[in-house]
Structures are given as structure tokens and as C-alpha cells.
Amino acid sequence: MQRLLKRRDFLKVQKGRRVHTGLFSVQALARDDMEPSRIGFTVSKKVFSSAVKRNRIRRRLKEAMRLDAMMTASQGMDFVIVARPDALITPFQRIQSELTRAFARAISPVDPAKRDRAPAPPQQ
């Protein structure tokens, strides 16, 4: 898995497809080449004022990405994950399952009759 590091790359991906969940949003954009996927992580200061919290959620998301090979298997794609507040306190297994579902929806072909909607979170 390669990382997106430059602002211009993040801005390009914003124009692509978006999939929203309760924990994060995934933005996806196909590139013209067949290089390995690249991924970027965004955690806003408005959401997490503490740098410690921002870095912690970023580490959790990176680890969930590392453990799931399906998300990194697609080639020629750029992804950006934008974290939401609940991602900090959610159990790690739920983060993994929501990432898997969100990436599957982001990679799948677009059906114009349907809009991307996040499934309702399971009741605890």
C-alpha cells in the first residue's frame, strides 16, 4: 500500500466517488495507470482538537487497512479516508468491517438508479 502525501493528490480524489459510513467517509478515484493503490488519511482539527487523538485514529485506520488485503488489491485507484468522531471510540473489529464494506462499495461499478447510502449501524 502506497500513501498519498501531496495536497494536490488529495484534492484530485475529492472529485471521485464518495461512500459514507458512521465512522468515516471513503473517497475513491480511478487513475489511468495500473500502479498499486494509494491511500491517504484525513483527520480534521475541527473534529479532533488534540493531535494525540488525531494520530491515534490515523494509526487505527492504517492498521485496519494493513490487515485487510482486499482493500489494497485494487490497482490504479486512489483512496482518501476522512475520519469522523466515533472512529476513536469504536471497537477495532467494527472499524475493519465498515472499511471492508465501504471499500467494496467504492470499488464496485456505479448504478445510476441507486445512490450511495451507508447502512444503519448495528444496535448495541
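This part is about the nonpolar core. Core analysis: the largest hydrophobic core is formed by 24 residues, its most contacted members being Phe24, Val26, Ile57, Leu61, Ile81, Leu99 and Phe103. Where this core is concerned, the elements lending two or more residues are β3 (24–30), β4 (38–42), α2 (51–67), β5 (77–83) and α4 (92–107). Here this core takes five residues from α4, the largest share from any one element.

On to α4, then. Under the 1.5 Å per step criterion, the end-to-end length of α4 is 23 Å for 16 residues, consistent within 8% with the ideal 22 Å. When α4 is considered as a whole, its buried residues turn out to be Arg94, Ile95, Glu98, Leu99, Ala102, Phe103, Arg105 and Ala106. Each buried residue of α4 sits inside an arc of 160° when the element is viewed along its axis, so together they form one side.

Turning our attention to the confidence of the model for the protein. Close inspection of predicted coordinates is inappropriate for parts of the model with low pLDDT. Summary statistics for the protein give a mean pLDDT of 85 and a share of 84% for residues scoring 70 or more. Highest mean pLDDT in the protein belongs to helix α1 (residues 7–13) (95); lowest belongs to helix α3 (residues 69–73) (58).

For the rest of this paragraph, the subject is the environment of leucine 61. Locating leucine 61 in the fold gives a position in helix α2. Expressed as a C-alpha distance, the spacing of leucine 61 and leucine 88, which sit 27 residues apart in the sequence, is 9.8 Å. Not counting the four nearest positions on each side in its chain, leucine 61 is found in contact with Phe24, Phe41, Ile81, Ala83, Ile95 and Leu99.

Let's shift gears to the side chain of serine 25. Counting through the fold element by element, serine 25 comes out in strand β3. Under the relative-accessibility criterion, serine 25 is labelled buried at 9%. Within the structure, serine 25 has its side chain in polar contact with the side chain of histidine 20 (distance 2.8 Å). Only 3.0 Å separates the side chain of serine 25 from the side chain of arginine 84, close enough to count as a polar contact. Once residues within four sequence positions are removed from consideration, serine 25 is found in contact with Val19, His20, Val80, Ile81, Val82 and Arg84.

Reading guide: rules and limits
Residues numbered from 1 in each chain as written. Predicted model: local features only at pLDDT ≥ 70, side-chain atom pairs only at ≥ 80, totals over all residues. Heavy atoms only, no water. Core = buried A, V, L, I, M, F, W, Y, C linked by side-chain atoms within 4.5 Å. Buried < 20%, exposed > 50% of the residue type's maximum accessible area, 1.4 Å probe, protein only. Helix = DSSP H or I, 4+ residues; strand = E, 2+ residues; numbered from the N terminus. Expected span 1.5 Å × (residues − 1). Arc of directions from axis to C-beta. pLDDT = per-residue confidence, 0-100. Contact = heavy atoms within 4.5 Å. Polar contact = N/O pair within 3.5 Å; in protein donor to acceptor, adjacent residues only side chain to side chain.

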